Amino acid sequence: MSASLTPRAKFATTLLRTAAALSRATGRGDGSVIGGRVGLIVEPRLLELLAEGRHVVLISGTNGKTTTTRFTTAALEAIGRVATNSFGANMPTGHTTALAKAPKAEYAALECDEHYLGQLLDAARPKVVALLNLSRDQLDRAMEVTALAAKWRQTLQASAGQTTIVANADDPLIVWAASVCQRVVWVAAGQSWTADSAICPNCGAHLDRFGEFWRCTNCGLNRPSPQWSVAHQGEAVVGPDGRRYDLRLQLPGRVNRANAATALAVASLFGVDPAQAAPRLSEVASVAGRYAKVERDGRQLRLLLAKNPAGWLESFDMIDPVPPVVLSLNAREVDGFDTSWIYDVDFTSLAGRKVVVTGDRRTDLAVRLEVDGVDFIVVDDIRAAIAAVPPGPVEVVANYTAFQDIRAEFNRVN
Amino acid sequence: MSTLRIVWLYPDLLSTYGDRGNLLVLAHRARARGIDVEPMQIRSDQHIPHTADMYLIGGGEDGPQAVAADRLLQDGALSRAAEAGKPILAICAGYQLLGSSFYANGRAYEGLNILDLRSDRGPSRAVGEIAGESHPQLGIGPITGFENHGGRTHLGEAVQPLARVTAGVGNDGATEGAWAGHVIGTYMHGPGLARNPRLADLLLAWAVGVDPSQLPPLDDTWPERLRFERFQALQTAGQ
């Protein structure tokens, strides 16, 4: 930690903090990215140096990274200070900043962009890596998802060494990638989106599915027996020894209960008693605006971020069945310019309720809903959407920049 | 016709860019005219029905594309459907494999030879909005979609280009897609039929055996607005 840093690394850390503070002060964001960039220019090994001597967990996957990182941080805080990139800056610049800002933290829970897992494995030498799920995302520029799983598999084989992997037994791509590792703890974290794993990532034959079990009839790849699972109608997590830990999450949905199970599995590898950690997860009410509840003119909005088909399906599983739904879609650079994925989402579950669409690409949504026979109205922005629904609860589902636009309307609610 | 049977081929292998959307759009537009639709999803380990009224095949990665071509050649039903004049819509990887050969996994593969064309690798990946002036004989107006492919396609004499490219790359930067008889291939996803309702109606008319003008008109306010926006966005970007 900081006591053992070289003078150059200390200087780099100071500059990093200054740059981040300047960026915040001038209203350019939280400064994680620019700070990390400055620090890494001065000392290219800064991330490695700052991670040295700490107990690190990396958390990666297409969906649920930010929430699982928050849950894991809450759990680890039962035993010590935790450095974490809670602003969602999940590339090396963000990791560097997170570590620089918490010089006294002996633990680090780092959300990691899927494409940087290899780099982080080498730089941060994590004790644990949690792998959540892989599905199609940002089609116009991201790697195809099977190719990404293959890259992970290669990376893990080369660099995982003494690292323990906490991996989702229900996602064939994750199982295939993680199964090269010596030490794997399997979590039954579920899979709401199966279209990217119809065929075996290992050999290309069809996967057979029977309920939650799946296997390849050709090469034998199959669902490992999970040590951790969500049970009792989602009210508890069951650990490897069969012990039950009650869950009373504020965050909604099956997927967040699975994220909680993963966080407890990770924390127990760091020596945290899950019984001590589980109540801490209940204190998480929102994560960087996700699931936040905001009020305007008698409407209580719940904000849900969903960036890809799997995320939209999961959010439809979370929302209450009655209130109006606002859907907002953008296709700016970070969202991906291609909106075709909205045809991978089944909107028919929204039929019969009030649906309002907005965002830069609201017309794409309008055409999509018409095809699914869902009635809708189209409005210019979130203010107009609020005016278009009666007072009472409202569910808001938006993709990345659309979500940030809505957060901005509510003082960047966290 | 009692029920329109639309086969969506090999969604387990070829379904990358919202390809299911083309099936949904066709079913929606048929039902809006009182035509019953039976969508049939045929996996690559199932036999392809000979008796369907229309066949759709989508896009995908190299590995699945090569597997799909192999299984389609073995099955034979798609080639017979083309000979029988059944409408076929093929997107991206599915389009390439209808030609005589295509390139995947670093080598050339034999295609189905349904369309007189062949595909190889381009110098760079073509990703972005695509637009074009469609072949006047088709009567479907300008086309709009989104493309994402590494291949380039060279048309033979027995096919016509679907469109002359006005934005994007398509086959080779000059033409986009191909058609012959009732078979249409294109690099447009988006999905293509959501953004080109007259192309959807042309396929439906072919399947039902009527002239497109005989299909009752639908309220296309939203699809037309989407088309307008996408063409407008290209103009703005081009300025």
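Residues numbered from 1 in each chain as written. Chains lettered and ligands numbered in written order. Predicted model: local features only at pLDDT ≥ 70, side-chain atom pairs only at ≥ 80, totals over all residues.

1. Focus on the overall build of chain A
The condition that has to hold: In this text, helices come from DSSP runs of H or I with a minimum length of four residues, and strands from runs of E with a minimum of two, each type numbered from the N-terminal end. Here the globule rule is a power law, 2.2 Å times the number of residues to the power 0.38, and the radius of gyration is based on C-alpha atoms. Buried residues are those with 20 or more other C-beta atoms within 10 Å of their own C-beta, exposed residues have 12 or fewer, and partly exposed residues lie in between; C-beta atoms are placed from the backbone. Two residues qualify as being in contact provided that their C-beta atoms, derived from the backbone, are within 7 Å of each other.
Helix and strand counts for chain A stand at 14 helices and 17 strands. Over its C-alpha trace chain A gives a radius of gyration of 21 Å, about what one expects of a compact globule, namely 22 Å for 414 residues. Principal-axis analysis of the C-alpha atoms places the extent of chain A at approximately 60 × 60 × 40 Å. The burial tally for chain A puts 55% of its 414 residues in the buried class. Across chain A, every contact between residues at least 6 apart in sequence was considered, and the portion connecting residues at least 24 apart equals 68%.

2. A word on helix H1 (residues 7-25) of chain A
All names here are of chain A. Cut-off, in case you're wondering: Helix span, as expected, comes to 1.5 Å for every residue beyond the first. Here, the arc refers to the directions that run from the helix axis to the C-beta atoms.
In a regular helix each residue adds 1.5 Å, so 19 residues correspond to 27 Å; H1 covers 27 Å between its end C-alpha atoms and thus fits that length. Those residues of H1 not exposed but buried are Ala9, Ala12, Thr13, Leu16 and Ala20. Considered in projection along H1, the buried side chains sweep an arc of 100° and stay on one side of the axis. Opposite the buried face of H1, at more than 90 degrees from it, the exposed residues are Pro7, Ala21 and Ala25. The inward-facing, buried residues of H1 contact helix H2 (32-42), helix H3 (46-51) and helix H5 (92-101).

3. Looking at the domain arrangement of chain A
Residue and element names in this part refer to chain A. As a reminder of what qualifies: How far each domain reaches was decided by an automatic or database domain assignment. Classification convention: Asp, Glu, Lys, Arg as charged; Ala, Val, Leu, Ile, Met, Phe, Trp, Tyr, Cys, Pro as nonpolar; all other residues, Gly among them, as polar.
We note that the domain assignment places domain 1 (48-281) and domain 2 (293-409) within chain A. Computed from C-alpha atoms alone, the centre-to-centre distance between domain 1 and domain 2 is 28 Å. Listed per partner, the contact involves 16 residues of domain 1 and 15 residues of domain 2. Here the side of domain 1 that touches domain 2 is composed, by residue class, of five nonpolar, six polar and five charged.

4. Some words on the environment of Glu314 of chain A
Mapped onto the fold, Glu314 of chain A is located in helix H11 (residues 309-318). When near neighbours in sequence (up to four residues on either side) are disregarded, Glu314 of chain A contacts Asn63, Ser192, Gly253, Val255 and Ala306 of chain A.

5. Focus: the sheet that holds strand E17 (residues 392-398) of chain A
Residues and elements named next belong to chain A. Operational definition: Strands are labelled as partners when DSSP assigns at least two bridges between them. Here an axis means a line fitted to C-alpha atoms, over the contact stretch when the element is a helix, while the angle between two N-to-C directions is reported on a 0 to 180 degree scale.
Ordered by their spatial adjacency, six strands build an open sheet running E12-E13-E17-E14-E15-E16, and the pairing between neighbours is mixed. Sheet topology places strand E12 (293-296) and strand E16 (377-378) at the edges, where each strand pairs with a single neighbour. One ladder, built from two bridges, connects strand E15 (residues 355-358) with E16; its direction is parallel. Among the inter-strand pairings, Val357 is bridged to a residue of E16, identified as Val378. On top of the sheet, helix H12 (residues 362-371) reaches strand E14 (325-328), E15 and E16; it is set at about 145° to E15, its chief contact.

6. Regarding the UniProt feature "active site" (unreviewed entry) in chain B
Residues and elements named next belong to chain B. Applicable threshold: UniProt positions are given in the numbering used here, feature names are shortened, and annotations may be inferred rather than shown by experiment.
Taking the UniProt record as the reference, the feature "active site" (unreviewed entry) is found at Cys92 and His189. In sequence the annotated residues extend across 98 residues, while in space they remain close, none of their C-alpha pairs exceeding 7.8 Å. Along the chain, the position of Cys92 falls in the loop between strand E4 (88-91) and helix H4 (93-96). The exposure class assigned to Cys92 is buried, which follows from the 26 C-beta atoms found within 10 Å. Residues in contact with Cys92, not counting those within four places in the same chain, are Gly59, His149, Tyr187 and His189. Tracing the backbone shows His189 in the loop between strand E11 (183-186) and helix H5 (192-195).

7. Digging into the pairing of strand E8 (residues 143-155) of chain B
Residue and element names in this part refer to chain B. Counting buried residues along E8, 11 of its 13 residues qualify, which places the element largely inside the surrounding structure. Pairing analysis gives 12 bridges linking strand E7 (residues 117-134) to E8, with the strands arranged antiparallel. For Ala131, the partnering residue across the bridge sits in E8 and is Thr144.

8. Quick word on the sheet that holds strand E11 (residues 244-246) of chain A
Residue and element names in this part refer to chain A. Taken together, the nine strands give an open sheet; going across it, the order is E2-E3-E1-E4-E5-E6-E9-E10-E11, and neighbouring strands pair in mixed fashion. Sheet topology places strand E2 (82-84) and E11 at the edges, where each strand pairs with a single neighbour. Averaged over neighbouring strand pairs, the angle between their axes works out to 20° when direction is ignored. Sheet analysis places strand E5 (residues 164-168) next to strand E6 (residues 184-188), joined by four bridges and oriented parallel. Note that in E6 the partner of Ala167 across the bridge is Trp186. The strands touched by helix H4 (residues 65-76) are strand E1 (55-60), E2, strand E3 (107-111) and strand E4 (128-131); relative to E3, the strand with the most contacts, the crossing angle is about 170°.

9. Focus on the confidence of the model for chain B
Our working definition: A score from 0 to 100, pLDDT tells how confident the predictor is in each residue.
Mean pLDDT for chain B: 95, with 99% of residues reaching 70 or above. Listed scores for the predicted complex are pTM 0.90 and ipTM 0.96.

10. A short note on the environment of Gln182 of chain A
Turning to its location among the elements, Gln182 of chain A is positioned in the loop between helix H8 (172-178) and E6. Separated by 18 residues in sequence, Gln182 of chain A and Thr164 of chain A place their C-alpha atoms 7.8 Å apart.

11. Overview of the interface of chain B and chain A
Tallying the contact residues gives 27 residues for chain B and 22 residues for chain A. Elements represented by at least two residues in the side of chain B that touches chain A include exactly helix H1 (20-31), helix H2 (62-75), E7, E8 and helix H7 (221-238) of chain B.

12. Some words on the packing of helix H6 (residues 117-124) of chain A against helix H7 (residues 145-159) of chain A
Residues and elements named next belong to chain A. Short version of the rule: By definition in this entry, angles of less than 35 degrees are roughly parallel, angles greater than 145 are roughly antiparallel, angles of 65 to 115 are roughly perpendicular, and the rest are oblique. A crossing counts as left-handed when the near helix is turned anticlockwise from the far one by less than a right angle, and as right-handed when that turn is clockwise.
Contact geometry for H6 and H7: axes closest at 9 Å, N-to-C directions at 15°. Classified by the interaxial angle, the pair formed by H6 and H7 is roughly parallel. Relative to H7, H6 is oriented so that their crossing is right-handed. Counting all contacts with H6, which are made through Leu117, Gly118, Leu121 and Asp122, the residues of H7 involved are Trp152, Thr155 and Ser159. Tallied by class, residues from the contact of H6 with H7 come to three nonpolar, three polar and one charged.

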